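Residues per chain are reported as follows:
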Amino acid sequence: MIQAVGTHLPGARIHGAAAGLHLTLTFPGSRRLADAELAAVALARGVKVQPLSWHRQRPGEPGLVLGYAARTPAEIDDGIATIGRILSATTSTTARRSFRLLPDDT
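As a starting point, this report considers the structure included with it. Remember, predicted model here, so these are calculated numbers, not experimental data.

### A few points about the sheet that holds strand β4 (residues 50-51)
Spatial strand order, β1-β2-β5-β4: 4 strands in an open sheet with antiparallel pairing. Edge positions in the sheet fall to β1 (13-15) and β4, since each of these pairs with one other strand and no more. As paired strands, strand β2 (residues 22-26) and strand β5 (residues 63-67) are joined by 5 bridges and run antiparallel to one another. Residue pairing for β5: Thr 26 is matched across the bridge by Gly 63.

What follows is the structure, given as structure tokens:
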């Protein structure tokens with residue numbers, strides 16, 4: 001999964017790689033995507049992830065919690081590639097209608 005993240009989500013930060021069955025990713029940057037909406041779009045495309053905001057008690061960078069225990073390396077790579085395509089599409093006008101972009105001060 002770490003290799004797939006490096007390939008398809010080069011701007012993401014990985015947290016908790018030694019923790020066991022999940023990775024946590026954050027997406028730093030000036031334009032921030034609502035992670036719950038990212039997770040919903042990913043699910044609609046067949047990739048189940050949890051938004052990091054569901055697990056926070058305080059505001060923080062948007063992110064995702066990714067499980068990898070029950071998936072093959074090919075499935076993991078495909079899922080991360082799908083998330084990468086979703087994030088890449090957020091720069092288009094069409095994607096802006098589908099995603100809520102958050103200002104930096106949230």
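Moving on from the model shown.
### Considering the side chain of Thr 82
Of note, Thr 82 is situated in helix α3 (residues 73-89). Once you skip the residues sitting within four places of it in the chain, Thr 82 turns out to touch Arg 45 and Val 47.

### Things to note about the packing of helix α2 (residues 35-44) against α3
The relative placement of two packed helices comes down to the angle between their axes together with the axis-to-axis distance. Relative orientation of the contacting elements α2 and α3 amounts to 125°, with a least axis distance of 10 Å. Between α2 and α3, the angle falls in the class oblique. Classified by chirality, the crossing of α3 by α2 is right-handed. On α3, the residues touching Leu 38, Val 41 and Ala 42 of α2 are Ile 83, Ile 86 and Leu 87. For the contact of α2 with α3, the class distribution of residues is 6 nonpolar, no polar and no charged.

Thresholds applied
Residues numbered from 1 in each chain as written. Predicted model: local features only at pLDDT ≥ 70, side-chain atom pairs only at ≥ 80, totals over all residues. Heavy atoms only, no water. Pairing = 2+ DSSP bridges. Helix = DSSP H or I, 4+ residues; strand = E, 2+ residues; numbered from the N terminus. Contact = heavy atoms within 4.5 Å. Axes fitted to C-alpha atoms, helices over the stretch in contact; angles between N-to-C directions. Parallel < 35°, antiparallel > 145°, perpendicular 65-115°, else oblique. Left-handed = near helix turned anticlockwise from the far one by under 90°. Nonpolar A, V, L, I, M, F, W, Y, C, P; charged D, E, K, R; others polar.

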